[in-house]
Amino acid sequence: MSTKSWLRGFIPSSSDPADEIVAMITVPAPTECLDLFSVSRNRTVRRWSSAKGCIEQVELGSVKGNSDEPFPLLDPVPQKLIRTFHATFGESVDSDANPSLFIIVFIPTPASAISGGTFRIFKTQETGHTRLEPVATFDASTSSTHCRLRDFTINGTILYVLWERYGQSMVESAFIDLQAAAARQQLGWTQARLDQHSELNQAAMDELLLQPGSLTSKFLQSILRPGVFSVVTLRAALQEYREHYLSLPGPHPAPLLASYSTLSESIAAVVGCTVSLTRDPATGVVLQDQYWSALRRDWEGFVARCTEIERSARWPLCLTLSTDSHVLVIERERIAQCVEEDVPLRLQHQLSTSTLMDNSYRLLEICWELRSKLSLDLIQRIETETM
């Protein structure tokens, strides 16, 4: 069959949007299988051969569910809903047997209050027998409810899933038992926690202002701390800040028009330059409190710009595995790696979530509880004045 004829079989002849393909995958190398596997908007998995076109298909959701309302079509945008992998366990050692191939498909359920969707695993052969035999079915975790799947991959018996949750990455993993019955399985999901210490929220800024030093230096030191904002984010926020004030009627402060050798110098000079110290028109008293309040609001506005840009920059894109099997999360402007947490991080997480701890850390638990009942001002005085 010619390539043109094969393409006519690959592209649906009907104008029904339900037949539109939204996900497609090939068999990973090394392999002699050149077939393609696709998922359509109507939740149909198809296997395509270059010689015969569609040679197998499985409907993962009927037109009608338990209710009288039809299943909604999947989003028409390209998605990562299907993966193929070879089994390396539980297989025949007969050298004449065809190698087994597994296909895992994810069907999202955005309206569900239980999970973000369902995974289905099928078994087939690279050549010869092409029927897709059901192997396992299991739901995503409850934490994935109302989240959007960005990518997933399998390493041996471990399934890794990347979710977009409120604009941030969420990575989960679970052990898959392909030898279990084809009935619905319940997986034990493990979630990788993001570094929450890098977030500059209102509580962090309130604690920052209690430290000694000028307002500008404290804010500057905070936003330049590694892991908080990227250089691209700071430059973009500064550009937006300048463009906003330059669009207003002049005259404009000199720092808005000047150039500086480093990014930190530019931020320190530009942010807050539009705030001026004024006097009360009736008494002539210098309005110090109003000046510091306005300067703080200006810096907080700049931090809010950085936060919004950084949130967009940290939008999850895909997930992969390094050569040493570490999970790598690719975001718009950074790459994150999942690592095993050490003892201090584990203890900090247990204390912050009020998880029961070992009796050997009872003193640490008491200190943490005591600190949580103290005001920020008192904590600052204890940390700076106690020898």
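Relevant structure appears above.
In this text, all values refer to a predicted model and were calculated from it rather than measured experimentally.

Trainee: Please explain the packing of aromatic side chains as it appears in this structure.
Mentor: Centre-to-centre distance and the angle between the planes together describe a pair of aromatic rings. According to the stated counting rule, one finds eleven aromatic pairs in the structure shown. Seen from their ring centres, Phe 106 and Phe 119 are 4.8 Å apart, and the 50 degrees between their planes marks the pair as tilted. Note that Phe 106 is positioned in strand 6 (residues 100-108) and Phe 119 in strand 7 (residues 117-125), a separation of 13 residues in sequence. There is no split in this pair, since Phe 106 and Phe 119 are both buried. Ring centres of Tyr 291 and Trp 292 lie 5.1 Å apart, and the angle between their planes is 70 degrees; on these two criteria the pair is classed as edge-to-face. Residue class for Trp 292 comes out partly exposed when judged on its relative accessible area of 44%. Put simply, the rings of Phe 106, Phe 119, Phe 138, Phe 152, Trp 163 and Trp 189 pair up and form one aromatic cluster. Here the basic side chain of Arg 83 rests over the ring of Phe 152, its NZ or CZ set 5.6 Å away from the ring centre.

Trainee: Sorry, what's going on with the sheet that holds strand 5 (residues 82-86) here?
Mentor: Hydrogen bonding along the main chain pairs the strands of a sheet, whether they run parallel or antiparallel. On the basis of which strands lie adjacent, the open sheet formed by five strands has the order 5-6-7-8-12 and mixed pairing. The sheet is open, and its two edges are formed by strand 5 and strand 12 (184-185), each paired on a single side. Summarising the sheet, strand 5 and strand 6 pair through five bridges and their orientation is antiparallel. The residue of strand 6 that forms the bridge with Ile 82 is Val 105.

Trainee: What is the right way to look at the pairing of strand 11 (residues 168-175) in this model?
Mentor: Regular strands place side chains that alternate from one sheet face to the opposite one. Of all eight residues that make up strand 11, six are buried, and the element is covered over most of its length. The pairing of strand 10 (residues 158-165) with strand 11 spans eight bridges and is antiparallel. Bridged to Leu 162 within strand 11 is Val 171. Counting the residues in the hairpin turn of strand 10 and strand 11 gives two residues, including Tyr 166, whose phi is positive at 55 degrees.

Trainee: Mind showing me how you'd approach the environment of Glu 164 here?
Mentor: Locating Glu 164 in the fold gives a position in strand 10. Along the primary structure Glu 164 and Asp 151 are separated by 13 residues, whereas in three dimensions their C-alpha atoms are 9.4 Å apart. Not counting the four nearest positions on each side in its chain, Glu 164 is found in contact with Cys 147, Arg 148, Arg 150, Trp 315 and Pro 316. In this structure the side chain of Glu 164 is engaged in a polar contact, spanning 3.3 Å, whose partner is the backbone nitrogen of Tyr 166.

Trainee: What exactly am I supposed to notice about the pairing of strand 3 (residues 44-49) here?
Mentor: Taken across its six residues, strand 3 has six buried, putting it largely inside the fold. Judged by which residues are buried, strand 3 turns out to be covered on both faces: Thr 44, Arg 46 and Trp 48 on one side and Val 45, Arg 47 and Ser 49 on the other are all buried. Summarising the sheet, strand 2 (residues 36-40) and strand 3 pair through four bridges and their orientation is antiparallel. Note that in strand 3 the partner of Phe 37 across the bridge is Arg 47. In textbook terms, the turn of a hairpin is the stretch between consecutive antiparallel strands, and for strand 2 and strand 3 this stretch comprises three residues, one of which, Arg 43, has a positive phi near 65 degrees. Note that strand 3 and strand 4 (residues 53-59) share six bridges and pair antiparallel. Among the inter-strand pairings, Arg 47 is bridged to a residue of strand 4, identified as Glu 56.

Trainee: Sorry if this is basic, but what is going on with the packing of helix 2 (residues 202-209) against helix 7 (residues 288-313) here?
Mentor: Each pair of packed helices can be summarised by the angle the axes make with each other and by the distance between the axes. It is at 12 Å that the axes of helix 2 and helix 7 come closest, and there the two elements cross at 140 degrees. Taken as axis vectors, helix 2 and helix 7 run oblique relative to one another. Considering how the two elements wind past one another, helix 2 and helix 7 form a crossing that is right-handed. Where helix 2 approaches helix 7, its residues Gln 202, Met 205, Asp 206 and Leu 209 are matched on the opposing element by Arg 296, Glu 300 and Val 303. Its residues assigned to classes, the contact of helix 2 with helix 7 comprises three nonpolar, one polar and three charged.

Parameters and conventions
Residues numbered from 1 in each chain as written. Predicted model: local features only at pLDDT ≥ 70, side-chain atom pairs only at ≥ 80, totals over all residues. Heavy atoms only, no water. Phe/Tyr/Trp six-rings, centres within 6.5 Å; stacked < 30°, edge-to-face > 60°. Helix = DSSP H or I, 4+ residues; strand = E, 2+ residues; numbered from the N terminus. Buried < 20%, exposed > 50% of the residue type's maximum accessible area, 1.4 Å probe, protein only. Lys NZ or Arg CZ within 6 Å of the ring centre and 35° of its normal. Pairing = 2+ DSSP bridges. Contact = heavy atoms within 4.5 Å. Polar contact = N/O pair within 3.5 Å; in protein donor to acceptor, adjacent residues only side chain to side chain. Axes fitted to C-alpha atoms, helices over the stretch in contact; angles between N-to-C directions. Parallel < 35°, antiparallel > 145°, perpendicular 65-115°, else oblique. Left-handed = near helix turned anticlockwise from the far one by under 90°. Nonpolar A, V, L, I, M, F, W, Y, C, P; charged D, E, K, R; others polar.

In short, geometric facts, not functional conclusions.
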